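# Structural features, examined
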Amino acid sequence: MVGGISKDEILIPKMLKKKGYVSKIVGKWHLGHRPQHLPLENGFDEWFGAPDCHFGPYNSSIRPNIPVYNNSEMLGRYYEEFKIDKKTGESNLTHMYLLEGLDFIVRQAEARRPFFLYWAADATHAPVYASKRFLGKSQRGRYGDAVMELDYSVGRILSLLQSQGIANDTFVFFTSDNGAALISCPNQGGSNGPFLCGKETTFEGGMREPAIAWWPGHIKGGTVNFQLANVMDLFTTSVALAGLNPPQDRALDGLDLTPVLLNRSHALQSRPIFYYRGNELMAVRLAEYKAHYWTWSNSWEEFNNGINFCPGQEVPGVTTHDQKEHTMQPLIFHLGRDPGEKYPISVLTQEYLDVLSRISPVVEQHQKTLVPGVPQLNMCDVAVMNWAPAGCEKLGKCLKVPKSEPCKCDWPH
């Protein structure tokens, strides 16, 4: 893929620099693998990890294995210097990521510097892996082993914050980037509980993620809040917690969650959540209601080849394998009564008409004011793959770059 994070975007670490924060990312980046797109070019001070997921192994003459970086130079590649045994599921990558995170925290605590750590382990992404001491230890197979190690690692990080005496000054937020990938089940995929389908879809199973906030002395343990929020809120919230004003030269999609997190007397406004798939607005949620303007799980071609985003959850007229339009009469669900999106509200009811009258102007205003960004995911070129990343010459790991052949990327989902 040719593109990556736009140079016009401002990321959390770049904002926090204004207050003297030191920032590190550990693990998966996935906002572009070309030099101008990498973390140290976008506000981070340190990085240990990879620009992509741990796919592979690849034949180096056709496609290079993904490099693992220490800051701005590669240390090796997945399946080469950084082993992942796909047969047994053994890899010590999560342990390495843990040690990198712990070391960073200790260094900043000892120097009494404010810090931002983005710890992005990806062991639960297929092909799933875990360190040897965790393999076979869970009741949930290899996926459960990976989750167990992830849980252990988060616990080690929290314990370190406490032993360093900085827990009361450190805000921690745990979440994910999508729902469980049911296409990897049963051995390498998770569960989305009562929610419909999984990753790659805009049904609740694909879009809902865990959200756990931890801040001793500020956030009361064990409390639950039903405020509708999304990952984009973490930018605005982090900026507010650091005592900064958000950028004024752009529209921000995220809201400041501090009133909710800190249990102040007022809650945030009822805000819509827009569910996109590519450029298409698939659905909109407002409070407990969700309106689907398009439905699609995946194509018949993929489905007939054994790729199923909704295994065991087919809902007639909802989990459609054709891209089905409902813009004139959206399917509306009440997610409180029906979290699995199985029973659309009848269009003949007053409830349907009332909800539609509230959601329709929200959609109209959104589409009227939305400014499209420059596409970053539409062009691919074999020549820009990870053939010769920075640092490869020191390791003797540079590969021959093939002839440039730009083409449109193929995104079947």
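Residues numbered from 1 in each chain as written. Predicted model: local features only at pLDDT ≥ 70, side-chain atom pairs only at ≥ 80, totals over all residues. Heavy atoms only, no water.

### Observations regarding the overall build of the protein chain
For the protein chain, the count of helices and strands is nine helices and 15 strands. The C-alpha atoms of the protein chain give 22 Å as radius of gyration, which agrees with the globular expectation for 413 residues (22 Å, within 12%). Along the longest, intermediate and shortest principal axes, the C-alpha atoms of the protein chain span 70 × 50 × 50 Å. Taken over 413 residues, the protein chain has a buried fraction of 45%. Counted over contacts in the protein chain with a minimum sequence separation of 6, partners at least 24 positions apart contribute 60%. As presented, the protein chain carries roughly 22000 Å² of accessible surface, and 54% of it is formed by carbon and sulfur atoms. Distance between charge centres in the protein chain, computed from 41 positive and 43 negative side chains, equals 4 Å. (Helix = DSSP H or I, 4+ residues; strand = E, 2+ residues; numbered from the N terminus. Rg over C-alpha atoms; globule rule 2.2 N^0.38 Å. Buried < 20%, exposed > 50% of the residue type's maximum accessible area, 1.4 Å probe, protein only. Contact = heavy atoms within 4.5 Å. Areas by Shrake-Rupley, 256 points an atom, 1.4 Å probe, with all protein chains shown as cover. Lys, Arg positive; Asp, Glu negative; His and termini not counted. Charge placed at Lys NZ, Arg CZ, Asp CG, Glu CD.)

### A few points about the nonpolar core
With 31 residues, the main nonpolar core has Tyr-78, Leu-93, Tyr-97, Ile-105, Trp-119 and Leu-161 as its most contacted residues. If you list the elements that add at least two residues to this core, you get β1 (22-28), β2 (46-50), α2 (93-111), β5 (115-120) and α3 (141-163). For this core, the leading source of residues is α2, giving seven residues. Setting aside chain neighbours within four positions, we find Leu-93 in contact with Tyr-78, Phe-82, Ile-84 and Tyr-129. Formed by 16 residues, the second largest nonpolar core is a distinct cluster that contains Ile-25, Trp-47, Tyr-69 and Phe-116. (Core = buried A, V, L, I, M, F, W, Y, C linked by side-chain atoms within 4.5 Å.)

### A few points about unusual backbone geometry
Across the junction of Gly-56 and Pro-57, the peptide omega takes the value -5°, indicating a cis bond. Here the amide bond leading from Ala-126 into Pro-127 is cis, since omega sits at 0°, within 30 degrees of zero. With respect to the helices and strands, Pro-127 occurs in the loop between β5 and α3. Here the phi dihedral of Asn-71 falls at roughly 60°; this positive angle occurs in a residue that is not glycine. The class for Asn-71 is partly exposed, based on a relative accessible area of 26%. Phi at Glu-200 takes a positive value of approximately 90°, unusual for a residue other than glycine. Mapped onto the fold, Glu-200 is located in the loop between β6 (172-175) and α4 (204-207).

### Details of the packing of aromatic side chains
Pairs of aromatic rings are described using the distance from one ring centre to the other and the angle between the two planes. Counted under the stated rule, the structure contains 10 aromatic pairs. Feature note: the residues Trp-29, Phe-44 and Phe-116 constitute an aromatic cluster, connected by ring pairs. Lying across the ring of Tyr-58, Arg-63 places its NZ or CZ 5.2 Å from the centre. Sitting over the ring of Tyr-152, Arg-133 keeps its end group 4.8 Å from the ring centre. (Phe/Tyr/Trp six-rings, centres within 6.5 Å; stacked < 30°, edge-to-face > 60°. Lys NZ or Arg CZ within 6 Å of the ring centre and 35° of its normal.)

Remember, this is a structural readout, not a statement about activity or role.
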